[in-house]
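Overview (structure and organization)
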Amino acid sequence: MSQEPLVRDAEVAEFRAAVLAKLTYAVGKDPDHAFDHDWFEAIALAARDHMVEHWMDHTRQIYRKAQKRVYYLSLEFLIGRLLYDSLSNLGLLDIAREALTDLGVDLERIRLLEPDAALGNGGLGRLAACFMESMSTLGVAAHGYGIRYEHGLFRQAIVDGWQQEQTENWLDFGNPWEFERPEVIYPISFGGHVETVQDAGGQQKQVWWPAETVRAVAYDTPVVGWRGSSVNTLRLWRARALEELHLERFNAGDHLGAVAEVARAESISRVLYPADSTEAGQELRLRQEYFFVSASLQDLLRRHQNIHPSLLNLADGAAIQLNDTHPSIAVAELMRLLVDTHAIPWDTAWDITVNTLAYTNHTLLPEALETWPVGLMERMLPRHMQIIYLINAYHIDSLRAKGIHDFDVLRAVSLIEEDNGRRVRMGNLAFLGSHSVNGVSGLHTKLMRSTVFSEMHKLYPDRINNKTNGITFRRWLFQSNGELTSMLVDALGEDVLDHPEQRLVDLEPFADKPDFRKRFAAQRLSSKKALARIIQERLGVVVNPEAMFDVQVKRIHEYKRQLLNLLHTVALYQAIRAEPGTNWVPRVKIFAGKAAASYHQAKLIIKLANDIARTVNNDPTVRGLLKVVFLPNYNVSLAESIIPAADLSEQISTAGYEASGTSNMKFGLNGALTIGTMDGANVEMCERVGAEHMFIFGLTSQQVEARKRSGEFNAGGDIAASHRLNDVLQAIRGGVFSPDDASRYAGLIDGLIAYDRFLVCADFDAYWDAQKRVEDLWHDPAQWWRSAVLNTARMGWFSSDRTIREYAEDIWKALD
Ligand code: 26V
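The rules behind each value
Residues numbered from 1 in each chain as written. Predicted model: local features only at pLDDT ≥ 70, side-chain atom pairs only at ≥ 80, totals over all residues. Heavy atoms only, no water. Helix = DSSP H or I, 4+ residues; strand = E, 2+ residues; numbered from the N terminus. Rg over C-alpha atoms; globule rule 2.2 N^0.38 Å. Buried < 20%, exposed > 50% of the residue type's maximum accessible area, 1.4 Å probe, protein only. Contact = heavy atoms within 4.5 Å. Areas by Shrake-Rupley, 256 points an atom, 1.4 Å probe, with all protein chains shown as cover. Lys, Arg positive; Asp, Glu negative; His and termini not counted. Charge placed at Lys NZ, Arg CZ, Asp CG, Glu CD. Pairing = 2+ DSSP bridges. Axes fitted to C-alpha atoms, helices over the stretch in contact; angles between N-to-C directions. Parallel < 35°, antiparallel > 145°, perpendicular 65-115°, else oblique. Left-handed = near helix turned anticlockwise from the far one by under 90°. Nonpolar A, V, L, I, M, F, W, Y, C, P; charged D, E, K, R; others polar. Near = heavy atom within 4 Å. Polar contact = N/O pair within 3.5 Å; in protein donor to acceptor, adjacent residues only side chain to side chain. Salt bridge = Lys/Arg side-chain N within 4 Å of Asp/Glu carboxyl O. UniProt positions renumbered as here; feature names shortened; annotations may be inferred. Core = buried A, V, L, I, M, F, W, Y, C linked by side-chain atoms within 4.5 Å. Phe/Tyr/Trp six-rings, centres within 6.5 Å; stacked < 30°, edge-to-face > 60°. Right-handed = clockwise from strand over helix to strand, strands pointing away. Arc of directions from axis to C-beta. Expected span 1.5 Å × (residues − 1).

**What to know about the overall build of the protein**
What the protein contains, in helices and strands, is 35 helices and 24 strands. Computed over C-alpha atoms, the radius of gyration of the protein comes to 27 Å, within 12% of the 28 Å expected from 2.2 N^0.38 for 816 residues, which places it in the range of a compact globule. Dimensions of the protein, computed from the C-alpha atoms along their principal axes, are close to 90 × 75 × 60 Å. Burial statistics for the protein: of 816 residues in total, 60% are counted as buried. In the protein, the proportion of contacts linking residues at least 24 apart, taken out of those at least 6 apart, comes to 76%. For the protein, the accessible area works out to roughly 31100 Å², and carbon and sulfur atoms hold 52% of it. The averaged location of the 106 negative side-chain charges in the protein is 2 Å from the averaged location of its 86 positive side-chain charges.

**Some details on the pairing of strand β8 (residues 193–198)**
Here β8 runs beside strand β9 (residues 204–209); their pairing, made up of six bridges, is antiparallel. The residue bridging Gln198 from the neighbouring strand is Gln204, located in β9. Where β8 folds back onto β9 in an antiparallel hairpin, the turn is made up of five residues, including Gly202, whose phi is positive at roughly 80°.

**Let's talk about the packing of helix α9 (residues 282–307) against helix α11 (residues 330–341)**
Where α9 contacts α11, the axes come no closer than 10 Å and their chain directions differ by 45°. Between α9 and α11, the angle is such that the two are oblique. The hand of the α9/α11 crossing is right-handed. Side by side, α9 and α11 meet where Tyr290, Val293, Ser294, Leu297, Gln298 and Leu301 of the first sit next to Ala330, Glu333, Leu334, Arg336 and Leu337 of the second. Class assignment of the residues belonging to the contact of α9 with α11 gives a composition of seven nonpolar, two polar and two charged.

**Quick word on unusual backbone geometry**
For Ala66, which is not glycine, the phi dihedral falls at a positive 45°. For Ala66, the position within the fold is in the loop between α2 (36–65) and β1 (69–73). Residues other than glycine seldom take positive phi values, yet Ala343 does so here, at roughly 55°. Checked against the element boundaries, Ala343 lands in the loop between α11 and α12 (346–356). Overall, Ala343 belongs to the exposed group, its relative accessible area being 64%.

**Some thoughts on the environment of Ala706**
Note on placement: Ala706 falls in helix α29 (residues 701–710). Taking the relative accessible area as the measure of exposure, Ala706 reaches 35% and is therefore partly exposed. Separated by 244 residues in sequence, Ala706 and Asp462 have C-alpha atoms that sit 27 Å apart.

**Side note on the site of the ligand**
Around the ligand, 20 residues are found, and the nearest of them are His362, Asn469, Glu658, Ser660 and Gly661. Here an oxygen atom of the ligand and a side-chain polar atom of His362 are 2.6 Å apart. Within the backbone of Ser660, a nitrogen or oxygen atom sits 3.0 Å from an oxygen atom of the ligand. Taken together, the residues that form the shell around the ligand break down as eight nonpolar, eight polar and four charged.

**Structural notes on the pattern of salt bridges**
One pass over the structure, following the stated rule, counts 61 salt bridges. Asp299 is the salt-bridge partner of Arg235, the closest N and O atoms lying 2.9 Å from each other. Placement of Arg235 in strand β11 (residues 231–241) and of Asp299 in helix α9 is noted, with a sequence separation of 64 residues between them. In terms of burial, Arg235 and Asp299 fall into one category: buried. Connected through salt bridges with shared partners, the residues Arg181, Asp220, Arg235, Asp299, Arg302 and Arg303 form a single ionic network.

**Topic: the sheet that holds strand β14 (residues 371–373)**
The three strands are arranged β14-β16-β15 in an open sheet whose pairing can be described as antiparallel. Each edge of the open sheet carries a strand with a single partner, namely β14 and β15 (416–417). Examined bridge by bridge, β15 and strand β16 (residues 423–425) share two bridges and lie antiparallel to one another. The residue bridging Ile416 from the neighbouring strand is Val424, located in β16.

**Things to note about the UniProt feature "modified residue: N6-(pyridoxal phosphate)lysine" (unreviewed entry) in the protein**
In the numbering used here, UniProt assigns the feature "modified residue: N6-(pyridoxal phosphate)lysine" (unreviewed entry) to Lys666. Its location among the elements puts Lys666 in helix α27 (residues 663–669). Judged by relative accessible area, which is 6%, Lys666 ranks as buried. Once residues within four sequence positions are removed from consideration, Lys666 is found in contact with Arg126, Ile471, Trp476 and Ile643.

**Overview of the nonpolar core**
Membership of the largest hydrophobic core comes to 266 residues, with the highest contact counts inside it found for Phe15, Met135, Trp237, Phe291, Met377, Ile388 and Trp812. When neighbours within four sequence positions are excluded, Phe15 is seen to be in contact with Ile43, Ala46, Ala47, His50, Leu87, Leu92, Ile95, Ala96 and Ala99. Leu365, Ala655, Phe758 and Leu759 belong to the second largest nonpolar core, which has nine residues in total.

**Re the sheet that holds strand β19 (residues 548–553)**
Two strands in a sheet stick together by hydrogen bonds in their backbones, pointing the same way (parallel) or opposite ways (antiparallel). Reading across from one edge, β21-β20-β19-β22-β23-β24 is the order of the six strands in this open sheet, with parallel pairing throughout. Single-partner strands in this sheet number two, and they are β21 (626–631) and β24 (695–696). Where strand β20 (residues 587–592) and β21 come together, six bridges link them in parallel fashion. Counted as the bridge partner of Phe591 is Phe630 from β21. In the packing of helix α23 (residues 514–539) onto the sheet, the strands contacted are β19, β20 and β21, and the crossing angle to β21 comes to about 70°.

**Brief notes about the packing of aromatic side chains**
Counted under the stated rule, the structure contains 24 aromatic pairs. Summarising the aromatic geometry, the rings of Phe431 and Phe453 are spaced 5.3 Å apart at their centres and angled 35° between planes, so their arrangement reads as tilted. Of this pair, Phe431 sits in helix α16 (residues 426–432) while Phe453 is found in the loop between α17 (442–450) and α18 (454–459), placing the two residues 22 residues apart along the sequence. Neither residue differs from the other here; Phe431 and Phe453 are each classed as buried. Centre to centre, the rings of Phe520 and Trp785 are 6.3 Å apart; their planes meet at 65°, and the pair counts as edge-to-face. Here the residue Phe520 occupies a position in helix α23, and Trp785 occupies one in helix α34 (residues 781–793), the gap between them amounting to 265 residues.

**Some words on the pairing of β19**
In the case of a regular strand, side chains alternate between the two sheet surfaces. Most of β19 is tucked away, with six of its six residues classed as buried. Burial of β19 is two-sided: the residues Met548, Asp550 and Gln552 facing one way and the residues Phe549, Val551 and Val553 facing the other way are all buried. Since β19 and β20 lie parallel, the crossover through helix α24 (residues 562–578) that links them has a hand, and here it is right-handed. Where β19 and strand β22 (residues 648–651) come together, two bridges link them in parallel fashion. For Asp550, the partnering residue across the bridge sits in β22 and is Leu648.

**Points about the side chain of Glu658**
In this structure, Glu658 sits in the loop between β22 and α27. Reaching out from Glu658, the side chain makes a polar contact with the side chain of Tyr559 at a distance of 2.8 Å. When near neighbours in sequence (up to four residues on either side) are disregarded, Glu658 contacts Tyr559, Lys560, Ser653, Asp679 and Gly680.

**Observations regarding the side chain of Arg802**
Its location among the elements puts Arg802 in helix α35 (residues 800–812). Discounting residues that sit within four places of it in the chain, Arg802 has contacts with Thr468, Asn469, Glu501 and Trp797.

**Examining helix α4 (residues 93–102)**
Helical geometry: 3.6 residues make up each α-helical turn, so side chains three or four residues apart lie on a common side. If you check which residues of α4 are buried, you get Leu93, Ile95, Ala96, Ala99 and Leu100. Taken end-on, α4 shows its buried residues confined to a sector of 160°, consistent with a single buried face. On its buried side, α4 packs onto α1 (5–27), α2, α3 (83–89) and α5 (107–111). Residue Gly104 follows α4 closely and has a positive phi angle near 75°.

**Observations concerning α23**
An ideal rise of 1.5 Å per residue puts 38 Å on 26 residues; α23 measures up with 36 Å between its terminal C-alpha atoms. Those residues of α23 that fall on the buried side of the exposure criterion are Phe516, Arg517, Phe520, Gln523, Arg524, Ser527, Lys528, Leu531, Ala532, Ile534 and Ile535. Directly beyond the C-terminal end of α23, a positive phi value near 70° is found at Gly540.

Structure, rendered in structure tokens:
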């Protein structure tokens, strides 16, 4: 922002004084003896003061205008670092940089000290964080609700090529962004039994006598929007025991027993669950879900009652969005609070519940759909189980009343699954208890209607709607790619920062300007050099920044098909060795991502990537034409370094399996070209960017569906038809990459051949051909960079501001 020099000098001086005051009075350090960490804390606290002013203004304004509140309930918020996010949105980044330089402190070095707040697994948690930022930017009166995990997602170490999980301790040095609210406490109960009693008016009512109660304590983090426009609150709950110490037991000499209850209670907010873990710890997961849902609902009902005389108009004052089924016990809990605690009649309470709640589905993968054993629910939440049975009974009755008696239909829409032990289907519960059920990309929403929720959709044809995901451009462009951002400002003016959705398209004509393309390529090269330094520091591998950076970074999962990319890597390796004289495009294959601790196949894929990397990188015949790296501990901060440095973005899931994907958008925005299947939001990217500026390949979701129906998953035919694929599989199976244990991958490859569930072999040749097209375009830099510029220019629609506007208008009715 252009500014009067004097005003700016004054702001710099003011910020410098604020940081020094924080360092002295809040951190308790003398500038001459302060460690970098002390400086970090002082800067964060100074920035936080700026937010607090906006925060209070914004809150007062919400009350004054009686604005409708949006409550975003999510078990995950994958936030990353907040220093640049806050400074940049407050317009203080340059001011802070200058103020600190005067003090002899390098802001960039301090930035790296902040641990990532990794309270999420992957796309779902990161989406929640992007949404929080966009809601503040747009002035939606929003509250995020979640759990303040003491340990976020595990730290991934790679030891001898294998993933090892290490405990993550993001709170070790405290957290300068949050405010503890010891006065905001709610009781959360578990277990016990339910009694039917008569109330004063002779009405029967249910009374829950729980066996155990813990406390939920609030911690608030302000979330500031672009240009400090408004500041919302992320409220995370921490579990505490009712009593810190059982004094009687302690005095009797039972020192461990005296704190056992504390340990049990506090374990609820101890650690984030890895998304795809199996049976183990199921009970604790359900306790987490109920814990944060109950605390959040009690809190928001109290807030509503502060302004409104009753809860009858709850749906006018509040919209509650359930991020996946994790918070879907909210349907039963809201009913319990309305009916049991607030004495509202069942039918009225049901209308309020449905009108207030909305549910977002994020996956159709059958094994990922949450169900809870009825026995566990009865034990842990007996009153909720009763309520769920009652909801189900009314639901099935209403269908019969409409003349629907078909057993298959009733079975499909029931809240209780009867086939494999009785279980509560949380997806159906969330669907039934919400007025809106949305998918996260056009294709995903279509598949929701035609597969998992097809019967529900027939009963409630208006309920399912689409809200294609988006990303916040502030973090994924302005903060992570300052060079490209400056170029955009130079080319399009400052306005592009405020209205990228509208303004980015104005970049299109620049795609035809050779000078601009050169600058674009130069930015990429400088980001690639920075990433090359990280690669060398962390892995000791030297890569050529002029080579094509071919990147696949995301959670490791079979459906995302990192294996397909690895097969291509091996095919390329073999081809280079066979024909060393060909004009090969030098490539660096970059992988990163975590596997759930219990997901053996995913961990084996990580080992394979590392085995291939070692072999290829040490083979002199390849002459550096191909390098393979697996960067450990993928997280938001590493993504911010990798994405601006990518030439090629790998989005190659089996069609129909990736609900949306969001890294596809981050890469596209930064000008990488996508090689991908027609899956998730790739489809919409293709519509907007143009198929000629992407490398689309592979089976379509209809073709995948057809394969599923035929039940034909043996890869024998695909392998027989492709000598290249056959050679690759033979090499891996035979131990070329695992000489220390030649049979390491025999099971993996044999399994793939016998049952290729994710159609890796079926898509291999098409993928190889698409990669050939990539190489052809790389040989034509003018065309490559033209496409790259057009990718950036056409990504405006994928701003999470657009997504949030759609939620606010269509679902929440929460925009003035
Ligand atoms: C969970 C599980 C659990 C059991 C084993 C397999 C499995 C696979 C995936 C998941 C994750 C489900 C929820 C989720 O994270 N979905 C992601 O949501 C993103 C934001 O909408 C979206 O971009 C991703 O495509 C979608 O996978």
